[in-house]
Amino acid sequence: GIGDMLYDSQIFDKSGNNKQDIDEAKSYLEKLDAFDYKFKVGDYFFNKWHFRSLITHYVTLANKGQMKISFKDLLTLLAGKKLESYADKITEYFTMMTGQDFLPNSPTMMNAGGRLGQLSACFVLGMEDGMEEIMKSTSDAALIFKSGGGVGINYSNLREEGDIVASTSGVASGPVSFMNIINTVTEVVKQGGKRRGANMGIIEAWHPDVEKFITNKTEAGVLENFNVSVGIWEDFWHALVNTTDGNYVLRSPRDRKPVKEINAHQLIDLIALSAWKSAEPGLIFFDQINKYNVFAKARQAPLRATNPCGEQSLYPYESCNLGSINLVNLAKRQADGSYEFDWQGYEEIIRKTTRFLDNIIDVNNYPVPEISTASKESRRIGLGVMGVADLLYRLKIPYNSQEGYELQSKLSEALTYYSMEESVALARSRGEFPLCAKTEYPEGKIPISGYYEKSKESHSYEWEPLIEEIKKHGIRNVLTTTVAPTGTLSMIADCSNGMEPAFALVFEKRVTVGRFFYTNKILEEALKEEGLYTDEILEKIADNYGSLKGLDEIPQWMQDVFVTAMDIHWADHLMAQGVWQDWIGNAIAKTINMPYDVTVEDVKSAYLLAHEIGLKGMTVYRDGSRHKQVLHMTSEN
Ligand code: ADP
């Protein structure tokens, strides 16, 4: 709301750079002279920090029941009649968040109005092969961790271990040792005491240290603040699936000269074995990520890194702020007690939140100037969803059924379609993103694979008129959608996370005063309606790994509808990820859950299927295989 207000009051220019300083903002607001100084906040009231912290204070007091006037009245009081219309917008945003219909990513919630004011979750930094460059990236990473963000780095440009260092006649320590430095920095720089930073470490398959990188994390206690992934390009895939010998050349990062030849099959075996043992490394398919990357032309380079959970591919120094719509809140109860999805409401909230995330780009305080520049050049936002599984439970549609996939496909298409449409509307009023003209957008290309790869008849929306609009007016955000893990957000909103099925429908929690069951709230309602809700049944479900499968007391329809991650076959997990990936601009944070007794061959088959489906990356988790997960499993999260 504040963002909207500032835009329309011309404090920001069209390209989104905050050119005028606080004094100009102050004099503009003074001119309004309709202010009622009932809230004296001193001389610096118009300082943007004060404005923000004022709102944060309002929320805190309102939560404690100590605020006697409505938020709208507060703003009207502050801003006077001329800004009344903005008060409506601010109230809208405010109720959207307190009603848990939409939440911005953790850093926005934790830092807005605070001293750091860093609002983005996702960052990518470069890592060039020189000591100064390495240390610059390390110091940038420290500042990002301090401000609450996660960082992805591709370490493939660093020369391999044992290679020469001309200036000292010494030998290089290799990328893995530099990852250890970043790991230690992460360890030491706590994020305002809230959570520790998170990393994505990437090495591409052609790097001479790739085997060491793959096996490095199978031991407990190594690179604990990292998720690691192997970056795959077309040439590797070609060697793997199209050649009989599978020969594949590893090259020096310094001069690209061949260092040694390996077998692509053996390398993928090694990756699969390691993932089978310890859930890492993941795979990132850079060929798929760049297939429809319309931004590559402007940057004169392909994308080569993702954020820690893989849902955001970014260029070095780019950042992205995310936000997620809680889909279960859009299931509306009908007169007969059944639920229907509110498509109209979905469109409205997509439009509103696209604006919200676009505003964040300008009120954001970036950790280093280079990040501010790169982020404002592309204006990337990551609008996503959470509560998908809960929505399906509520609509009584099995996640892994034809109907389930069709609904998820339409939800995904609608998200990107309406957010892109809104981004074009924003381009018309506020201007396109600064590098838009240099991308492939003006040629009528869009970064959405489903538009090209799914048959026209299966599209739910008319994409051609939208593409024409983009050609005419540009678009304000290079990409608008992503599906984040929503580790913290889904806990706050008490809904299933991202687009994942529930991990367990009931689980037992032991606390000092005894034990109790956490029950998925949609299941709880259904059990009550069926007259089945008792402590005994909850215990049975909890003892059945949180699943309803095979429990005699539970009717078949419930066993079919309330599926957990472990009930779903890994191939169906991949299908679901693919259904979302078709229409999402960036990528999907998803774990491909596998039972304990799958084989390494199964893991390999999953890789082949993932690539075939067109996924941008994949992570497997074999039940019981991992000692500790970086994200979401620790008390710090
Ligand atoms: P949240 O629910 O807290 O908003 P998500 O679980 O959706 O966040 O994660 C989104 C992104 O936020 C991740 O991909 C990563 O880039 C970043 N992130 C998540 N957890 C952390 C963490 N502990 N430290 C730093 N960044 C994190």
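Right, let's walk through the structure included here.

With 14 residues, helix α8 (residues 175–188) ought to run about 20 Å at 1.5 Å a step, and its terminal C-alpha atoms sit 20 Å apart, in line with that. Every buried residue belonging to α8 is among P175, V176, F178, M179, I182, N183, V185 and T186, and all of these are buried. Within α8, the buried residues cover an arc of 165° as seen down the axis, which keeps them to one side. Contacts from the buried residues of α8 go to α7 (131–146), β3 (150–154), β7 (195–196), β8 (199–204), α9 (210–216) and β9 (226–232).

Moving on: the environment of N216. The topology assignment puts N216 in helix α9. Along the chain, N216 and L383 lie 167 residues apart, while their C-alpha atoms are 34 Å from each other. What N216 contacts, discounting residues up to four positions off in sequence, is V176, V222 and L223.

Moving on, we get to the packing of aromatic side chains. Applying the stated criterion to the full structure yields 23 aromatic pairs. The interplanar angle of 50° and the centroid separation of 6.4 Å between the aromatic rings of Y155 and F226 together place this pair among those described as tilted. With a gap of 71 residues between them, Y155 in the loop between β3 and β4 (164–165) and F226 in strand β9 connect regions that are remote in the sequence. Just as Y155 is buried, F226 falls in that class too. A ring pair is formed by W233 and F286, whose centres lie 5.2 Å apart and whose planes are at 25°; its orientation type is stacked. Separated by 53 residues along the polypeptide, W233 in the loop between β9 and α10 (234–241) and F286 in helix α12 (residues 286–291) bring together distant segments of the chain. F286 sits in the buried class, given a relative accessible area of 0%. A network of ring pairs unites the aromatic residues Y292, Y417, Y418, Y451, Y452, Y461, W463 and W583 as a single cluster. If you follow R256 out to its NZ or CZ, it ends over the ring of W206, 4.3 Å from the centre.

Oppositely charged side chains can form a pair if their charged atoms are brought close together. Tallied over the full model, the rule gives 35 salt bridges. Here E443 ties to K297 by a salt bridge, and the two come within 2.5 Å at their closest N and O atoms. Taken as a pair, E443 in the loop between α17 (402–430) and α18 (449–453) and K297 in helix α13 (residues 296–299) lie far apart in primary sequence, 146 residues in all. The partner of K456 in a salt bridge is E464, and the shortest N-O contact between them spans 3.3 Å.

Rules behind the numbers
Residues numbered from 1 in each chain as written. Predicted model: local features only at pLDDT ≥ 70, side-chain atom pairs only at ≥ 80, totals over all residues. Heavy atoms only, no water. Helix = DSSP H or I, 4+ residues; strand = E, 2+ residues; numbered from the N terminus. Expected span 1.5 Å × (residues − 1). Buried < 20%, exposed > 50% of the residue type's maximum accessible area, 1.4 Å probe, protein only. Arc of directions from axis to C-beta. Contact = heavy atoms within 4.5 Å. Phe/Tyr/Trp six-rings, centres within 6.5 Å; stacked < 30°, edge-to-face > 60°. Lys NZ or Arg CZ within 6 Å of the ring centre and 35° of its normal. Salt bridge = Lys/Arg side-chain N within 4 Å of Asp/Glu carboxyl O.

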